[in-house]
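Each chain is listed here by its residues.
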Amino acid sequence: MSTIISTQNLCKKFGSQYAVDHVNLSIESGRIIGLIGPNGAGKTTLLKAILGLTTFAGDLKVLGLDPRKDRDELMEQVSFIADVAVLPRWMRVWEAIDLVEGLHSRFSRDKCMQFLAKTKIGLDKKVKQLSKGMVAQLHLALVMSIDARLLVLDEPTLGLDIIYRKTFYTNLLNDYFDEERTIIITTHQVEEIEHILSDLIFIQDGKIVLDSTMEEVQKSYFELMAPEESVAAARELGPLNESSIFGKHIFLFKGVDAGKLEPLGEIRTPNVADLFVAVMGEEQ
Amino acid sequence: MNITWSVNKLKVLMRREYWENRGAFRNTPAILSLITISFMLMGLVIKIRFDNEGYTFREAMRLFASQSEAMRGYEVTQSLMALSGFFVFVMSIVIFFYLLGSLYDDRKDKSILFWKSLPASDELTIASKLFSAMFVIPVIFWLFLIATEIIMMGIGGMMVWSADQNPWTLVFGPAEPLKAWGLVLAGWLANSFWMLPVYSWLLLVSSKAPRVPMLFAILPPVILSVLQAWIGFLRTFQLQDNVLGVTSKWIANSPAILAGQITPDGDQGGNVSVSLGMPVTSTFDHAPTLANMLDRLFSQQMLFGLIVAAVFLFAALWFRRRASDG
């Protein structure tokens, strides 16, 4: 295991506003990290800094390189899908394959053909003739055929239907990911990726508000479903968040001993979406 | 990162330029060829229809044959070069729009993020676009020009033959098509270097313009020229050379062979400016010879042009690096 990304006081300002505000992160290899935040939280800016697509202040090393200065070298080992459907519309599928093969020393044409064989994408089709889902499939096939150490996916499934989204992540996990690689994903559809994540990073107003492994999250966060009579006792323990559904009260606790919660009701691990709402609420 | 690898990447990037612009790079000269040949065929139809038993054509051939062999060869060679003027005019328009879109279109449709995800430096990207404009487009246009002229010579030869003359001894024998084609290509390639300041300006505009790059390419020199002319007018009541004047003079000095330059007695056609409708006096000898082309490429003006081009190209690179930021 080695450190893939490390930042110290990483900052990026637009005007007087911080898009990324003194971020300190350390990301190890072999992880799948979910970078979660509301719109305008600085996710994309942070990823752009990591990919050398924007200027910034502070220290940032990706694979030991400075993304601003060593961008060309970095791109040999880093792949990214910045947005859905950014493949050039004029391009034919075989041209895209030829191009990536010609420019990328770590690209495997055989792998790419295998991935494409599982889809309905014809090699002679132009990108503009493909559906949005097929463009995403093509892009993923190209990217997964590159033997990269870091893969960055910024909203890779935005606008795709549920079937494409499911197969997208299944392919990623089954055919690509291994201990040598690291994947960073941002998405609004958290519930669809939470089962594949190993790490969770929440970002709000440019600041990191949660940086934890999924295991740690499962150990320290609990959701309590409490009947009416235990509500007062539950509130005593200082929940992060409280909501009620169908007359049942739901509390979210951080770092509270599970033994204390058990007598008050039903305990379970919160899902990422609920955790997100709770943590963001706490920050505000 | 060794040089062979970079050269290979450059080749791949230039192939991409061709793929993206097949319409402009290949179809346009193909259409030009078709237009030229159909005009010739239309002429042929008119001749057959109205020229009574080919009398006029026969007379023209007799007149042509009465000239010395050297003069005949000269005239054929010159007309082969003259047709290139039509091609060079269209080619300039193609290059103009190609360069204006080259660093703009992918910013507009966001596919720049795909290009930036590949390990190809911004330097190589800009080089691939500049070299496509300098070499790929001229060579393709030139190949179509040659093909067109060979077909035209074939048709012309048959016409001469039908007028009971031997096309080989009368027309083709004394002509020097290889020399004509060589000079045209040399002129176009020399033109590519000569036009570096203009091409670099277009790349710079393309790398930064937020919209309608054509406006941003044309307006600054026009506004500057109007200002210059106005200030000059206020000062001396006399029109001085302004940016537009310098630019049009520059273009008129191009080593590409322009139709207006070719006069039968082969002297320097100083009347290019007249044919472009601009009050321009030519500084260079425009007779289509290699020496004259080289004369321009190794001139003080060229050195100045290269410095201007370098400044524009560095600015374009600077903007391209930051194009995905924001």
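### What about the overall build of chain B?
Moving on, step 1. What chain B contains, in helices and strands, is 15 helices and 0 strands.
Moving on, step 2. Within chain B, buried positions represent 33% of all 326 residues.
Moving on, step 3. When contacts within chain B are restricted to residue pairs at least 6 apart in sequence, long-range pairs at least 24 apart make up 77% of them.

### Focus on the overall build of chain A
Moving on, step 1. On a plain count of helices and strands, chain A comes out with 11 helices and 13 strands.
Moving on, step 2. Its C-alpha atoms give chain A principal-axis dimensions of roughly 65 × 40 × 35 Å.
Moving on, step 3. Classification of the 284 residues of chain A by burial places 44% in the buried group.
Moving on, step 4. If you take every contact in chain A between residues at least 6 apart in sequence, the share linking residues at least 24 apart comes to 70%.

### Some details on the nonpolar core
Moving on, step 1. Core analysis: the largest hydrophobic core is formed by 95 residues, its most contacted members being Val 62, Val 78, Ala 96, Leu 138, Val 152 and Ile 201 of chain A.
Moving on, step 2. Here this core takes 9 residues from helix H5 (residues 132–144) of chain A, the largest share from any one element.
Moving on, step 3. When residues of this core are sorted by domain, at least three fall in each of domain 1 (3–205) and domain 2 (217–283) of chain A.
Moving on, step 4. Not counting residues up to four positions away in its chain, the partners in contact with Ile 201 of chain A are Ile 33, Gly 34, Leu 35, Ile 36, Ile 208, Leu 210 and Asp 211 of chain A.
Moving on, step 5. Ranked by size, the runner-up nonpolar core spans 53 residues in total, among them Met 61, Trp 181, Ala 256 and Met 293 of chain B.

### Here we look at the domain arrangement of chain A
Residue and element names in this part refer to chain A.
Moving on, step 1. Per the domain assignment, the segments making up chain A are domain 1 (3–205) and domain 2 (217–283).
Moving on, step 2. Taking only C-alpha atoms into account, the centre of domain 1 sits 34 Å from that of domain 2.
Moving on, step 3. On the domain 2 side, the residues contacting the 8 residues of domain 1 number 8 residues.
Moving on, step 4. Within the residue set of the side of domain 1 that touches domain 2, elements represented by two or more residues are helix H7 (190–193) and strand E8 (199–204).

### Thoughts on the interface of chain B and chain A
Moving on, step 1. In this assembly, 20 residues from chain B lie in contact with 21 residues from chain A.
Moving on, step 2. Mapped by element, the contributors of at least two residues to the side of chain B that touches chain A are helix H1 (3–20) and helix H6 (112–116) of chain B.
Moving on, step 3. Per element, the largest residue contribution to the side of chain B that touches chain A is 6 residues, and it comes from H1 of chain B.
Moving on, step 4. Residues of the side of chain B that touches chain A, tallied by class, amount to 7 nonpolar, 5 polar and 8 charged.

### Overview of the sheet that holds strand E4 (residues 57–62) of chain A
Residue and element names in this part refer to chain A.
Moving on, step 1. Read from one edge of the open sheet, 3 strands run E2-E1-E4, paired in antiparallel fashion. Edge positions in the sheet fall to strand E2 (17–28) and E4, since each has one partner strand and no second. Between one strand axis and the next, the sheet turns through 15° on average, direction left out of account.
Moving on, step 2. In this sheet, E2 lies alongside strand E1 (residues 3–14) in antiparallel orientation, the contact comprising 8 bridges. Within the sheet, the bridge partner assigned to Thr 3 lies in E2 and is Glu 28.
Moving on, step 3. Where helix H1 (residues 43–50) meets the sheet, its contacts fall on E1, E2 and E4, and the angle it forms with E2 comes to roughly 60°.

### Focus: the sheet that holds strand E5 (residues 78–81) of chain A
Sheets are built from strands paired through backbone hydrogen bonds, the pairs being either parallel or antiparallel.
Residues and elements named next belong to chain A.
Moving on, step 1. What the 6 strands build is an open sheet, ordered E5-E6-E7-E3-E8-E9; its pairing is mixed. Whereas interior strands pair on both sides, the edge strands pair on one side only; in this sheet they are E5 and strand E9 (207–213). Within the sheet, the average angular offset between the axes of one strand and its neighbour, ignoring direction, is 15°.
Moving on, step 2. Inspection of the sheet shows strand E6 (residues 150–154) paired to strand E7 (residues 182–186) by 5 bridges, in the parallel sense. Bridge pairing in E7 places Leu 151 opposite Ile 183.
Moving on, step 3. Each of strand E3 (32–36), E6, E7 and E8 touches H1; the most contacted strand, E6, lies at about 150° to it.

### Notes on the packing of helix H2 (residues 22–50) of chain B against helix H7 (residues 122–162) of chain B
Residue and element names in this part refer to chain B.
Moving on, step 1. The interhelical angle for the contact between H2 and H7, taken along N-to-C directions, is 15°, at an axis separation of 9 Å. Overall, the two elements H2 and H7 adopt an arrangement that is roughly parallel. In this structure, the crossing between H2 and H7 has a hand that is right-handed. Touching Phe 25, Arg 26, Pro 29, Ala 30, Leu 32, Ser 33, Thr 36, Ile 37, Met 40 and Leu 44 of H2 are Val 136, Ile 137, Ile 140, Phe 141, Phe 144, Ala 147, Thr 148, Ile 151, Met 152, Ile 155 and Met 159, all from H7.
Moving on, step 2. Residue composition of the contact of H2 with H7, by class: 17 nonpolar, 3 polar and 1 charged.

### Looking at helix H3 (residues 93–103) of chain A
Moving on, step 1. What H3 of chain A keeps buried is the set Val 93, Ala 96, Ile 97, Leu 99, Val 100 and Leu 103 of chain A. Along the axis of H3 of chain A, the buried positions cluster into a sector of 165°, meaning they face one direction only.
Moving on, step 2. For H3 of chain A, the elements touching its buried residues are helix H4 (109–117) and H5 of chain A together with H1 of chain B.

Cut-off values and rules
- Residues numbered from 1 in each chain as written.
- Chains lettered and ligands numbered in written order.
- Predicted model: local features only at pLDDT ≥ 70, side-chain atom pairs only at ≥ 80, totals over all residues.
- Helix = DSSP H or I, 4+ residues; strand = E, 2+ residues; numbered from the N terminus.
- Buried ≥ 20, exposed ≤ 12 C-beta atoms within 10 Å, placed from the backbone.
- Contact = placed C-beta atoms within 7 Å.
- Core = buried A, V, L, I, M, F, W, Y, C linked by C-beta atoms within 7 Å.
- Domains from an automatic or database assignment.
- Nonpolar A, V, L, I, M, F, W, Y, C, P; charged D, E, K, R; others polar.
- Pairing = 2+ DSSP bridges.
- Axes fitted to C-alpha atoms, helices over the stretch in contact; angles between N-to-C directions.
- Parallel < 35°, antiparallel > 145°, perpendicular 65-115°, else oblique.
- Left-handed = near helix turned anticlockwise from the far one by under 90°.
- Arc of directions from axis to C-beta.

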